[in-house]
Amino acid sequence: MRRKIFPYLLLIPTYLVIVFFIYAPAFDALYNSFFRVSVFGRRKIFVGFQNYLSLFTDKDYLYAVNFTLVYTGVTVVVSIFLSFFLALLLDQKVPGSRIYRTLIFAPYAVSHAVAGALWGFLLNPVVGHVNYLMRIFFGIQTHWLTTTPYAAYSLIFASVWKTLPFNIIFYLAALQSIPTEVLEASIIDGASSWKRVWKIIFPLVSPITFYLVIMSIISATFQSFAIIDVMTKGGPGIYTTNLVYKLFLDGFRFQKIGLASAQNVILFIVMMVITIIYFSYGQRRVHYQ
Amino acid sequence: MRKSTKRIIKTIVFEILLITSSLLMFAPILLAIIMSIQPPEFVFSYPPRFLPRGLFLQNYLEAFKIVPFARMIFNSALISIFITLGKLVTGSLSGYAYANFVFRGSKISFYVLFATLFIPAEIVLIVPLFRIVSRFGWTNTYWAMTVPFLASATNTFLMQQHFKTIPKDFEDAAKIDGATPMQYFTKILLPLSRPIIAGAAIINFTYAWNMYLWPMIVAMEDRMKTVQVAINMIMNAESSNNWGIIMAATVVALLPTLILFFALQDLFVKSLVGSGVKG
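Residues numbered from 1 in each chain as written. Chains lettered and ligands numbered in written order. Predicted model: local features only at pLDDT ≥ 70, side-chain atom pairs only at ≥ 80, totals over all residues. Heavy atoms only, no water.

Residue-level contacts link 98 residues of chain B with 90 residues of chain A. Interface of chain B and chain A: buried area, both sides summed, is about 8600 Å²; carbon and sulfur atoms make up 76% of it. For the pair chain B and chain A, the number of links is 20 residue pairs in polar contact (both at pLDDT 80 or more). Take the side of chain B that touches chain A: its biggest share by element is 16 residues, from helix 1 (residues 2–36) of chain B. (Contact = heavy atoms within 4.5 Å. Buried area = accessible area lost by both parts, 1.4 Å probe. Polar contact = N/O pair within 3.5 Å; in protein donor to acceptor, adjacent residues only side chain to side chain. Helix = DSSP H or I, 4+ residues; strand = E, 2+ residues; numbered from the N terminus.)

Here it is, written out as structure tokens:
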């Protein structure tokens, strides 16, 4: 008998946390998304789908959806390609590769808030080094964080820099697990270096690419809050307000609980869809070795 | 002859590309460290300077004056250590259940848990999570900053995967010797899992140390805030934009995890790739 309940006891601590702090909030958000919570009366008025309707007719929200797609899309594409090339470079057996690896991986250890602060400094119009180099080499002289479209570029610099090492680490591991016979065979067949990269290596690591695209989407959409808050605060105007920043403003600055709950439900559904895609499509392909 | 010249040229090209990219990737961190130990004349010189001259620690002292920085460092450390320990305990217990036991409902509960694998609840569900935590009366406390993060599907998954690789013979032998399942777990399974536990520990610590949005929202008083939040506070307080001070705060926020990473890079990389999942 004791033996029978033992595994359940082992699960209790984990499930307490998951139920109270993930599933309960998810249901709380769903429930509250159907109400309007008045600030003073502490009254709840059932409004049905009104919160969702007002979200999708809200110009600012639709803008945030659009900005999130662009910001995440650009960050993910740039980060995936750059990290693949840097991983190819790091995979070469040349002297000093261990030091290069350490330096290139380093941003993995720092936070998104730190990434925001570092790039806010580098792009500062008075003291920033990158700002200076941009002026010298490209003739760009601007207030990076406070003008369009440079504010968006600034965020993308910071988030690409921050997400690169994670992707490189995985690509490098994938490259190192490709059997050398495969590459040797292609050399004998006379495939040129470029062709080998695109026709043989890139398809071979595609399961890792799939995994990294998912992780980068999550990172660029959700974790980038800190970068935005430190660098642009969603501005100028609402120019760099993404979905999470908008949620933060509505939920905590303006205290629109019903509206914010509806946004939370939408974000949660987006996350669930991503998770389902990963498990149904990726799981079969990721373990290719 | 021609082949070896080609090889040398190739190596040189790779070296140049590698040196350039490592410098570019590391430059932001390096410049922050340099600026944090330089006086304002250096920081504000135009064109910007790269090579440091002397040591100027006033920036750090200033940062400690603007915000209760010592307390914030303590908060960050305390929160990160508790979250790390919690995740290791809950993760290894539930991982043990899924790896070594057959029980009713194991499959369905597994799915319930793994649906949450990628969900950073402190961001995706921030408004309702905040409501629940305030209903518990936890705002402005360490409870709010630790308890919701004491378990994660990632850690369960990682430990379960690892426990599965340990030969069943150990368990059978322990059973014959009269060991209870708990004794087998603490005396044999955990000691055999030291490397994976160490790997999970540093990844969990890094994640916890680097949290931003959640601590910012649940800690209203300055003395409950964390170093990550302090960066932004100092940035907003320094109307003169004294970047030396801001960079000093940034360096304090990044140094612990960076040192951890430099010291244990191989372990970091191995467990990150091994887990196949983040955070």
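Residue and element names in this part refer to chain B. As assigned here, chain B comprises domain 1 (1–56) and domain 2 (57–275). Here the C-alpha centroids of domain 1 and domain 2 sit 33 Å apart. Across the contact, 13 residues belong to domain 1 and 15 residues belong to domain 2. Between domain 1 and domain 2, roughly 1000 Å² of surface is buried when both sides are summed, and carbon and sulfur atoms account for 77% of that area. Where domain 1 meets domain 2, there are zero salt bridges. Where domain 1 meets domain 2, there are three residue pairs in polar contact (both at pLDDT 80 or more). At the level of secondary structure, the elements contributing two or more residues to the side of domain 1 that touches domain 2 comprise helix 1 and helix 2 (40–43). The leading source of residues in the side of domain 1 that touches domain 2 is helix 1, at six residues. In terms of residue class, the side of domain 1 that touches domain 2 is built from 11 nonpolar, two polar and no charged. (Domains from an automatic or database assignment. Salt bridge = Lys/Arg side-chain N within 4 Å of Asp/Glu carboxyl O. Nonpolar A, V, L, I, M, F, W, Y, C, P; charged D, E, K, R; others polar.)

The next point concerns unusual backbone geometry. With an omega of -5 degrees, the peptide bond between T148 of chain A and P149 of chain A qualifies as cis. Within the secondary structure layout, P149 of chain A lies in the loop between helix 6 (129–138) and helix 7 (150–176). Cis geometry is found at the peptide bond from G235 of chain A to P236 of chain A, where omega equals 0 degrees. Note on placement: P236 of chain A falls in the loop between helix 11 (225–231) and helix 12 (243–253). Here the phi dihedral of Q255 of chain A falls at roughly 55 degrees; this positive angle occurs in a residue that is not glycine. With a phi close to 70 degrees, N140 of chain B is a non-glycine residue in the positive phi region. Note on placement: N140 of chain B falls in the loop between helix 7 (126–135) and helix 8 (142–146). Since its relative accessible area comes to 19%, N140 of chain B is described here as buried. (Buried < 20%, exposed > 50% of the residue type's maximum accessible area, 1.4 Å probe, protein only.)

Let us now look at the layout of surface pockets. Roughly 1400 Å³ of internal volume is contained in the largest pocket. Around the largest pocket, the lining is made up of 27 residues, and of these Q92, S193 and R196 of chain A together with K10 and F14 of chain B lie nearest the centre. Elements with a minimum of two residues in the lining of the largest pocket: helix 3 (59–90), helix 7, helix 8 (180–188) and helix 9 (193–204) of chain A together with helix 1 of chain B. In terms of residue count, helix 1 of chain B provides more of the lining of the largest pocket than any other element does, seven residues in total. Of the residues assigned to the lining of the largest pocket, the class counts are 14 nonpolar, five polar and eight charged. (1 Å grid on protein atoms, 1.4 Å probe; cavity = no way out; pocket = protein on both sides within 12 Å on 5 of 7 lines; lining within 4 Å. Points joined across faces, edges and corners; volume = space filled by probe spheres on them.)

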